[in-house]
Structures are given as structure tokens and as C-alpha cells.
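Listed below, chain by chain, are the residues.
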Amino acid sequence: MSAEATDTAGLADTAGLAGTTLLFCPADRPDRFARAADAADLVILDLEDGVAPPARPAAREALVAALPGLDPARTVVRVSPVGTPDFAADLAALDGTGVRLVMLAKAESAAQVEQLAGFTVIALCETARGVLAAPELAAAANVVGLMWGAEDLVAGLGGRSSRFDDGRYRDVARYARAAVLLAAGAHGRQAIDAVYLDIADLDGMAAEARDAAASGFGLKACIHPTQVPVVRAAFAPSADEVAWARRVLAAAHEAGVGVFAFEGRMVDAPVLRHAEHLLRAAESVPGR
């Protein structure tokens, strides 16, 4: 299969994850469900770490009661890790609800994903085993995307912090981020960048989101509604980028050759694919 065909196939495979933003919302806060769903492209109703263990039974009841009022195409339910009592209880609660998109916390193998047959799965790689198993998870038939997580990963390694004091990720987190992105890309799945915990630091969030978009992540997860417009703006190509993409693609059509010089830069097939990606991203931005 050609590189162009692989690229097109990947886009088709990930069509189920529309937009660029996901917003976590604890499942024991049904008063926030509608606002979270309105704020982001996808809302993640969290039955795992966002809910204290004693509150999880009530959270399941609240989630099931609220689901009829939410758009199933834009609703994700994060379920607990496979093998835990909460996992079985989560699945039992979802039975018959019509939910078909779930995020599997601490995903570590394709065999675990197989226990979610009938669901479309976002595999959350947030343990050492999960990161190392990212290619296996991405290859699973019902996986639509991979997300990575730094905090559980570093905590599981016995570490103290995923970031330096200036906000930069430590090398182990950077490795995990790249490994999950590459695994997702190799199998035509969507890659989702991890959350940014410093809610007040919108500049830091914006810089990280811009890097995620430039690197190839399709979406970034948020933990607060104020982060959503920041991510959307970061993922939207600038007017200058869109204008360049249109110029270079027009020049390529006129040149009719494989490699040519344009505005002082060598242009070949990968550069043209970058331009095509920019235009596709721009087309998804309202009003552009």
C-alpha cells in the first residue's frame, strides 16, 4: 500500500472521533454533564479516578439516568481497569444504555480490549505496561484511538513528578507521549494528547496544544471548560498557514514534478501532505 493510501485509510478509521477537544467530567456530578457536553467536542463521563471509590455506585446510577439526554455520538464513558470489581460494575451499568464509545483506563493488552467487544474503545496508556503495549492496543479491531497519561505512569514507576518546575515534561513522559503517538499513527488510529493539570496556566496549555497539533495528535483532553477554546485555537491553522498551504498546492499542480523549489524551500511529497493536513484542519474550523 502506498504512503498516500495509508494516510487516507487512517483518516477514515478515525472518523468516529470528531473535533479536537475532549473534556473530562466526573460521573458523580450530573449537574455538570450538559455544560461539559456543550463546551467540548466530546465529553468523557469518568467512572474511574475522577470519582472516589465510595461514590462510584451512585455515580453509575447518575450516569445511566442522564445518558438519554446526551448525544451518544459525542459521549465517552471512562470505565475502570480490566480485572477490578469496578470494571465489571461499570459494564453492568452500561448494559442496555446505548453507550458505544468507552475509554479503558490503564489499558495494557489487546486481550483486555477484547473484553469490551461491542464497544468502540479509546485505550488509555498510562502505565509502563500500557505504553509498551501501545502498538498491540492500537492494532485491536475495536480501538479507535489511543490516549496517553503522564501522572499515573510516573506514579506507577515510583516517581514524584512528570514535569520539571518550568512545566516541561521529564524524559520518561516525553518518551511515552511519542510512543503512543507513533503506535496510533502506525495503525491509523487517532492519537489524543494528555491533560494539562495547571488550569490557570492557559499559556502553557496553549503551547502544549500547539505542539500536539504540529506533532500529529488529533485531539487533546481537557479537565476544565476554560481549556477547551485554548485547545481549539491551538489546533486551528493560522490564516498564514492556510494561505501557504493553498499556494504550495497550487504551485505543485502547476509544476507537475515530484520535487521543486517554492518560496526558498524544497517541496516534495511529505511537504505537500503537511499542506493537505493544514487545509483539512482549516475546513473543520467554523467560519473559515
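Report follows, based on the coordinates.

## Overview of the layout of surface pockets
In this model, the second largest pocket occupies a volume close to 360 Å³. Considering the residues around the second largest pocket, the lining is formed by 20 residues, among which Phe24, Arg78, Val195, Leu197 and Ile223 are closest to the centre. Of the residues assigned to the lining of the second largest pocket, the class counts are twelve nonpolar, two polar and six charged.

## Examining the environment of Val144
Along the chain, the position of Val144 falls in strand β6 (residues 143-148). Residue Val144 is classed as buried on the basis of its relative accessible area of 8%. Sequence separation between Val144 and Thr120 is 24 residues; the distance between their C-alpha atoms is 6.4 Å.

## Topic: the pairing of strand β2 (residues 42-46)
Most of β2 is tucked away, with five of its five residues classed as buried. Bridge count between strand β1 (residues 21-26) and β2: five bridges; the pairing is parallel. Of the residues in β2, the one forming a bridge with Pro26 is Asp46. Assessed by its sense of winding, the connection that carries the chain from β1 through helix α2 (residues 33-39) to β2 is right-handed. Sheet topology places β2 next to strand β3 (residues 75-79); four bridges connect them, and they run parallel. Residue pairing across strands places Asp46 opposite Arg78, the latter belonging to β3. Chirality of the crossover, the property in question, places the unit of β2, helix α3 (residues 56-66) and β3 among those that are right-handed.

What counts and how
- Residues numbered from 1 in each chain as written.
- Predicted model: local features only at pLDDT ≥ 70, side-chain atom pairs only at ≥ 80, totals over all residues.
- Heavy atoms only, no water.
- 1 Å grid on protein atoms, 1.4 Å probe; cavity = no way out; pocket = protein on both sides within 12 Å on 5 of 7 lines; lining within 4 Å.
- Points joined across faces, edges and corners; volume = space filled by probe spheres on them.
- Nonpolar A, V, L, I, M, F, W, Y, C, P; charged D, E, K, R; others polar.
- Helix = DSSP H or I, 4+ residues; strand = E, 2+ residues; numbered from the N terminus.
- Buried < 20%, exposed > 50% of the residue type's maximum accessible area, 1.4 Å probe, protein only.
- Pairing = 2+ DSSP bridges.
- Right-handed = clockwise from strand over helix to strand, strands pointing away.

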